[in-house]
Protein chains: 2
Amino acid sequence: MTETHELLTAAVRRLIDATIRTEVEADAIAAATDKIEAATAHLSDALIPGSFGVQATPDGRPIALGNVVIGQRNPVAPPLTINHSPDGTVHTDFVLGAAYEGPPGHVHGGVCALILDHVLGATAHQPGKPAVTGTLTLRYVRGTRLGQHLRAQAQVSRIEGTKTFAAGSITDADGVTVEAEGIFIHPRGTPQS
Amino acid sequence: MTETHELLTAAVRRLIDATIRTEVEADAIAAATDKIEAATAHLSDALIPGSFGVQATPDGRPIALGNVVIGQRNPVAPPLTINHSPDGTVHTDFVLGAAYEGPPGHVHGGVCALILDHVLGATAHQPGKPAVTGTLTLRYVRGTRLGQHLRAQAQVSRIEGTKTFAAGSITDADGVTVEAEGIFIHPRGTPQS
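Residues numbered from 1 in each chain as written. Chains lettered and ligands numbered in written order. Predicted model: local features only at pLDDT ≥ 70, side-chain atom pairs only at ≥ 80, totals over all residues. Heavy atoms only, no water.

Going by an unreviewed UniProt entry, chain A carries the name Acyl-coenzyme A thioesterase THEM4 and comes from Mycolicibacterium rhodesiae. Under the heading Sequence similarities (unreviewed entry), UniProt records this for chain A: "Belongs to the THEM4/THEM5 thioesterase family." (UniProt positions renumbered as here; feature names shortened; annotations may be inferred.)

This is the structure we're talking about:
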């Protein structure tokens, strides 16, 4: 991931926010659209077929830059940085803006599910041996507000063969907003999450 | 939602895809970034504070243009169009591209959760009386591929007081990929999903 590409992705994230929130007149919207289409044309001179997938870095590590949760190339991703502690717990700190809205002023419940799926799954991931979601159960305690400092965390409850049982939550300054538990599997076949 | 703004949002969706998939050199990326920043500056001359929320259309209907699943102004939203049948079932047809990737070539399991949360919740929504998610349980049957025609559908299982019990699934041409059930609540207080 080059710094130039990071600046591009950050610029697209700001554009997404402005696209939702703008109140300018139609002629200004049309002028902005022209510039965006010119930028897309530049970038489309050479495209990876399909999707980014997982590629190797210059030093050989697998990296998922297109991932919708953690992908540093994906403007849809916040992107989350997943921190692994020596005791096996996982956490990530983040703030979500207008692009993740469900009820007015609040994070969409399904975005909470998306983040918890990824963070709980991260407890089971091992280098070169990703885990996929088997089941995931979410309990919504109260609304999660946009624009607030949030933390998602998870830990392994137990491991049975290829299955990792994990639990976690999203918290804000006042405590838990969403709780989750799930079963994550190291598959032999097609990956899933 | 004006046609001009629809064209803007569609252009930003194409830009998101190109940002993930581009293989052009650094100078072309930098040139594209400059154009994007100029577009964002245009749009930011007047911004709604915070997030879009729910606003009234000229004829008085409430509309959530910024919603991360259905919002026609939100470039992160596919956006889904939710179809309500007279028998109470709900469905939506869609294709997801590179921006929604989890495992290589596959929809992120958490994106399936996001969509199912919204579609199951839609069975309980009533005009001016939105429902929020209480609990949601997902069972991943197999991977959901990017670039394929998908359908999400849901129906009410039963209603108990303020609680709607709903069930649904995502299917591709070969059948079910993810199943879900959930409880959705018409709240008195803060909304949630």
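Right, let's talk about the pattern of salt bridges for a bit. Two side chains that carry opposite charge are able to pair once their charged atoms sit near each other. Evaluated as defined, the whole model comprises 12 salt bridges over all chains. Across the pair A:R14 and B:E37 runs a salt bridge whose closest N-O atoms are separated by 3.0 Å. Within this pair, whereas A:R14 is found in helix α1 (residues 3-21), its partner B:E37 is found in helix α2 (residues 26-43), the two belonging to separate chains. Owing to a relative accessible area of 45%, A:R14 belongs among the partly exposed residues under this scheme. Across the pair A:R158 and A:E160 runs a salt bridge whose closest N-O atoms are separated by 2.8 Å. Of the residues examined, A:R158 reaches a relative accessible area of 44% and is grouped as partly exposed. (Salt bridge = Lys/Arg side-chain N within 4 Å of Asp/Glu carboxyl O. Helix = DSSP H or I, 4+ residues; strand = E, 2+ residues; numbered from the N terminus. Buried < 20%, exposed > 50% of the residue type's maximum accessible area, 1.4 Å probe, protein only.)

Before going further, it helps to spend a moment on the sheet that holds strand β5 (residues 132-140) of chain A. Taken together, 12 strands build an open sheet; the order of strands is β3(A)-β4(A)-β6(A)-β7(A)-β8(A)-β5(A)-β5(B)-β8(B)-β7(B)-β6(B)-β4(B)-β3(B) and the sheet is antiparallel. Across the chains shown, the open sheet's two edge strands, defined by having one partner strand only, are β3 (83-84) of chain A together with β3 (83-84) of chain B. One ladder, built from five bridges, connects β5(A) with strand β5 (residues 132-140) of chain B; its direction is antiparallel. From the neighbouring strand, A:R139 faces β5(B), where its bridge partner is B:T135. The strands touched by helix α3 (residues 109-122) of chain A are β3, β4 (90-94), β5, β6 (150-160), β7 (163-172) and β8 (175-185) of chain A together with β5 of chain B; relative to β5(A), the strand with the most contacts, the crossing angle is about 130°. Where helix α3 (residues 109-122) of chain B meets the sheet, its contacts fall on β5 of chain A together with β3, β4 (90-94), β5, β6 (150-160), β7 (163-172) and β8 (175-185) of chain B, and the angle it forms with β5(B) comes to roughly 130°. (Pairing = 2+ DSSP bridges. Contact = heavy atoms within 4.5 Å. Axes fitted to C-alpha atoms, helices over the stretch in contact; angles between N-to-C directions.)

Turning to the nonpolar core, a few remarks are in order. Membership of the largest hydrophobic core comes to 102 residues, with the highest contact counts inside it found for A:L96, A:L138 and B:L138. Excluding anything up to four places from it in sequence, B:L138 contacts A:G134, A:T135, A:L136, A:L138, B:A113, B:L116, B:V178, B:E179 and B:A180. (Core = buried A, V, L, I, M, F, W, Y, C linked by side-chain atoms within 4.5 Å.)

Mapped onto the elements, A:G71 comes out in the loop between β2 (62-63) and β3. With 19 residues separating them along the chain, A:G71 and A:F52 place their C-alpha atoms 9.6 Å apart.

Below, the discussion takes up the relation of the copies chain B and chain A. The operation relating chain B to chain A is a screw motion whose rotation component is 180°, with 0.0 Å of axial translation and a residual RMSD of 0.0 Å. Here the copies are linked by what is in effect a two-fold axis. Closest approach to the rotation axis within chain B is made by the C-alpha atom of B:T137, at a distance of 2.1 Å. Both copies contact each other with a shared surface, as 100% of the interface residues of chain B are interface residues in chain A too. (Least-squares fit on C-alpha atoms with pLDDT ≥ 70 in both.)

Residue and element names in this part refer to chain A. When its domains are assigned, chain A resolves into domain 1 (1-79) and domain 2 (81-185). Measuring from the centre of the C-alpha atoms in domain 1 to the corresponding centre in domain 2 gives 24 Å. Listed per partner, the contact involves 12 residues of domain 1 and eight residues of domain 2. When the area that domain 1 buries against domain 2 is broken down by residue, the three leading residues are V69, I70 and P78, summing to 48%. For the pair domain 1 and domain 2, the number of links is zero salt bridges. Looking at side-chain class alone, the side of domain 1 that touches domain 2 contains nine nonpolar, one polar and two charged residues. (Domains from an automatic or database assignment. Buried area = accessible area lost by both parts, 1.4 Å probe. Nonpolar A, V, L, I, M, F, W, Y, C, P; charged D, E, K, R; others polar.)

Moving on, we come to the interface of chain B and chain A. Listed as interface residues are 85 residues of chain B and, on the opposing side, 85 residues of chain A. Where chain B abuts chain A, roughly 7,300 Å² becomes buried across the two surfaces, and 66% of that area is made up of carbon and sulfur atoms. Between the two partners, chain B and chain A, sit two salt bridges. Among the secondary structure elements, those contributing two or more residues to the side of chain B that touches chain A are α1 (3-21), α2, α3 and β5 of chain B. The dominant element in the side of chain B that touches chain A, judged by the number of residues it contributes, is α2(B), at 15 residues. A class-by-class count of the residues in the side of chain B that touches chain A yields 44 nonpolar, 30 polar and 11 charged.

A few words now on α2(B). Its 18 residues give α2(B) an end-to-end C-alpha distance of 26 Å, which sits within 8% of 26 Å, the value for a rise of 1.5 Å per residue. Within α2(B) the residues assigned to the buried category are B:I29, B:A32, B:T33, B:I36, B:A39, B:T40 and B:L43. In an axial view of α2(B), the angular spread of the buried residues amounts to 125°, which keeps them on one side of the axis. Exposed side of α2(B), more than 90 degrees from the buried face: B:D27 and B:D34 are the residues found there. The inward-facing, buried residues of α2(B) abut α1 and α2 (26-43) of chain A together with α1 of chain B. (Expected span 1.5 Å × (residues − 1). Arc of directions from axis to C-beta.)

All names here are of chain A. Inspection of the sheet shows β5 paired to β8 by eight bridges, in the antiparallel sense. Looking at β8, one finds that L138 is bridged to A180. By the bridge criterion, 10 bridges tie β7 to β8 in an arrangement that is antiparallel. Within β8, the residue paired with I170 across the bridge is V178. The antiparallel hairpin formed by β7 and β8 contains two residues in its connecting segment.

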